[in-house]
Amino acid sequence: MEGRKVVVSALQFACSDDIATNVATAERLVRSAHEKGANIILIQELFEGYYFCQAQREDFIQRAKPYKEHPTILRMQKLAKELGVVIPVSFFEEANNAHYNSIAIIDADGTDLGLYRKSHIPDGPGYEEKFYFNPGDTGFKVFQTKFAKIGVAICWDQWFPEAARAMVLQGAEILFYPTAIGSEPQDDGLDSRDHWKRVPLVASNRIGKEVIETEHGNSAITFYGNSFIAGPSGEIIAVANDKEEAVLIAQFDLDKIKSKRHSWGIFRDRRPDLYKVLLTLDGRNPSS
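This section reports on the structure supplied with the text. Since this is a predicted model, take the numbers as computed values, not measurements.

The rules we used
- Residues numbered from 1 in each chain as written.
- Predicted model: local features only at pLDDT ≥ 70, side-chain atom pairs only at ≥ 80, totals over all residues.
- Heavy atoms only, no water.
- 1 Å grid on protein atoms, 1.4 Å probe; cavity = no way out; pocket = protein on both sides within 12 Å on 5 of 7 lines; lining within 4 Å.
- Points joined across faces, edges and corners; volume = space filled by probe spheres on them.
- Pairing = 2+ DSSP bridges.
- Helix = DSSP H or I, 4+ residues; strand = E, 2+ residues; numbered from the N terminus.
- Axes fitted to C-alpha atoms, helices over the stretch in contact; angles between N-to-C directions.
- Contact = heavy atoms within 4.5 Å.
- Salt bridge = Lys/Arg side-chain N within 4 Å of Asp/Glu carboxyl O.
- Buried < 20%, exposed > 50% of the residue type's maximum accessible area, 1.4 Å probe, protein only.

Before going further, it helps to examine the layout of surface pockets. The space that makes up the second largest pocket amounts to roughly 290 Å³. Lining the second largest pocket are 16 residues; nearest its centre among them are Pro 122, Tyr 127, Trp 156, Ile 181 and Glu 184.

Below, the structure written as structure tokens:
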């Protein structure tokens, strides 16, 4: 019996700090992925410009735009409808007095299916996101697209297994994570790319070196690319290198994935009645 097949793609490219150039690059690679048969195409995190979170600068907050009538989202809606593909679109969102690291999910007919706001906000040298972004208030969500029911979260969310489990329990068949991760300005020897690949999903990262002027002088991050697509058992199916633009492609049989999950007893053997301790004991106060 023929299963439900879906072809996914992760894009990888170096960003300039010019919106028009970056959006044009994203569109070019989306079209390339479509030509290779992709149904759902993931663009990297905050792809409209440099990863500005290296610095705490008030002027960078002005880069945020409201969700509704966002020009890049509107352009990607038109593109998705033209090509008949699903495109999650990452952007810096202004919402009244709040600001979020957000992603809009565009279905294959150009419909905007809704918004997810990044839940876990990092704060460290080179990745000072708490200065710019409020913690997301949407909760973890899944989206029924033309080709599959997908879960979409953002970068640092991937390091928290609770996020993936929450999306899968809501029916997500494939997980997508746009990212912007690379070198650590304070420690040239620290590299997180191997740890990044421990979960089955589609991840899209950027490449290139970006230098941002901060309050303490220039800060530089060399983004390590390594965008990848992992299978249902965590095996790496496709991976890019750390230097070159890439369009990764992989096909999944959603019925086979569902069958495998059930055969492993992943949902059957859950014991949510025993997990309540997580609500009161999270390791931050062992004496409580």
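Quick look at the pairing of strand S9 (residues 149–152) now. Pairing between strand S8 (residues 142–144) and S9: three bridges, direction antiparallel. Looking at the pairing, Val 142 lines up with Gly 151 of S9. The antiparallel pairing of S8 with S9 creates a hairpin that spans four residues between the two strands. Pairing analysis gives three bridges linking S9 to strand S10 (residues 174–178), with the strands arranged parallel. Counterpart to Gly 151 in the pairing with S10 is Leu 175.

Pairing within the open sheet is mixed, and its six strands lie in the order S8-S9-S10-S11-S14-S15. The strands lining the two open edges of the sheet, one partner per strand, are S8 and strand S15 (236–239). Adjacent strand axes in the sheet meet at a mean angle of 20 degrees when their direction is disregarded. The sheet contacts of helix H4 (residues 161–169) involve S8, S9 and S10, and relative to S10 the element is tilted by about 140 degrees.

Another aspect to go through is the pattern of salt bridges. Within the structure shown, the criterion is met by 14 salt bridges. Between Arg 4 and Glu 173 there is a salt bridge; the shortest N-O distance is 2.2 Å. Residue Arg 4 is located in the segment before strand S1 (5–12), and its partner Glu 173 is located in the loop between H4 and S10; the two are separated by 169 residues in the primary sequence. Using a relative accessible area of 38% as the deciding quantity, one classes Arg 4 as partly exposed.

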